[in-house]
Amino acid sequence: MEIYAAAQRFMVKAGNPNQWQVGFPTEEMIARDIEGHHLMVWTDEDGVPQGAFAFLPGPEPDYAKIYEGEWQDNGHYRVVHRFATAKQGLGIGSAMMRWALDEAKAEGMAVRIDTHRDNIPMQGLIRSCGFVYCGIVHIRRNGEERLAFTHTF
């Protein structure tokens, strides 16, 4: 939860105060990710957690309808959610995303991800890792729009 709190503080400083309100993600969400063996944790050489994300099997119900575009994959995909690092600018996010892409590629899957329009740093990471913008999705939790991306192999 400390990693997610650090990511929330960074998002506010980076001009994105609305994507993750205080208390998101919830401990219950993270517990479900752990129970489902979907929470990936990136550690440093001393074993201290430095990043985390949910790496989930598709389909993602939030992605069933896409607006102002279309998915660029064949519908077989993994999903990256709740992506956070304890510190920015150290390459942790890039390393985590490369790991997810390598895993999905080995499974013959695409990877889908979404982010808030104001999350410019995350959009930069997504694009630098080869994701393609596909359109807008709305999340069930609160109906907000998110920019949707996919990476195919």
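Let me begin by describing the structure that accompanies this report. (Residues numbered from 1 in each chain as written. Predicted model: local features only at pLDDT ≥ 70, side-chain atom pairs only at ≥ 80, totals over all residues. Heavy atoms only, no water.)

Overview of the pattern of salt bridges
Phase 1 of the analysis: Evaluated as defined, the whole model comprises seven salt bridges.
Phase 2 of the analysis: Here D73 ties to R112 by a salt bridge, and the two come within 2.6 Å at their closest N and O atoms. Of the two residues, D73 is situated in the loop between β2 (49–57) and β3 (77–85) and R112 in strand β4 (residues 110–115); the sequence distance between them amounts to 39 residues. Like D73, the residue R112 is buried in the burial classification.
Phase 3 of the analysis: Three or more residues joined by partner-sharing salt bridges are found here, namely E60, D62 and R140. (Salt bridge = Lys/Arg side-chain N within 4 Å of Asp/Glu carboxyl O. Helix = DSSP H or I, 4+ residues; strand = E, 2+ residues; numbered from the N terminus. Buried < 20%, exposed > 50% of the residue type's maximum accessible area, 1.4 Å probe, protein only.)

Focus on the sheet that holds β4
Strand-to-strand pairing in sheets goes through backbone hydrogen bonds, with the strands running parallel or antiparallel.
Phase 1 of the analysis: Read from one edge of the open sheet, six strands run β1-β2-β3-β4-β6-β5, paired in mixed fashion. Two strands bound the open sheet, and with one partner strand each, they are β1 (39–43) and β5 (132–138). The mean inter-strand angle of the sheet, taken between neighbouring strand axes irrespective of direction, is 30°.
Phase 2 of the analysis: Bridge analysis of β1 against β2 gives five bridges, and the strand direction is antiparallel. In the sheet register, M40 faces β2, and the bridge partner there is F53.
Phase 3 of the analysis: Where helix α1 (residues 2–13) meets the sheet, it contacts β1, β2 and β3, and its direction lies at approximately 80° from that of β3. (Pairing = 2+ DSSP bridges. Axes fitted to C-alpha atoms, helices over the stretch in contact; angles between N-to-C directions. Contact = heavy atoms within 4.5 Å.)

Points about helix α4 (residues 120–128)
Three- or four-residue spacings in an α-helix give side chains the same orientation, since the helix completes a turn every 3.6 residues.
Phase 1 of the analysis: Turning to α4, its buried residues are M122, Q123, L125 and I126. Within α4, the buried residues cover an arc of 160° as seen down the axis, which keeps them to one side. The exposed set on the far side of α4, more than 90 degrees from its buried face, consists of I120 and S128.
Phase 2 of the analysis: If you follow the buried residues of α4, they end up packed against β3, α3 (92–107), β4 and β6 (145–151).
Phase 3 of the analysis: Between the side-chain oxygen of the N-cap and the backbone nitrogen of M122 there are 3.1 Å, and the N-cap of α4 in question is N119.
Phase 4 of the analysis: Following α4 by one or two positions, G130 has its phi on the positive side, about 95°. (Arc of directions from axis to C-beta. Polar contact = N/O pair within 3.5 Å; in protein donor to acceptor, adjacent residues only side chain to side chain.)

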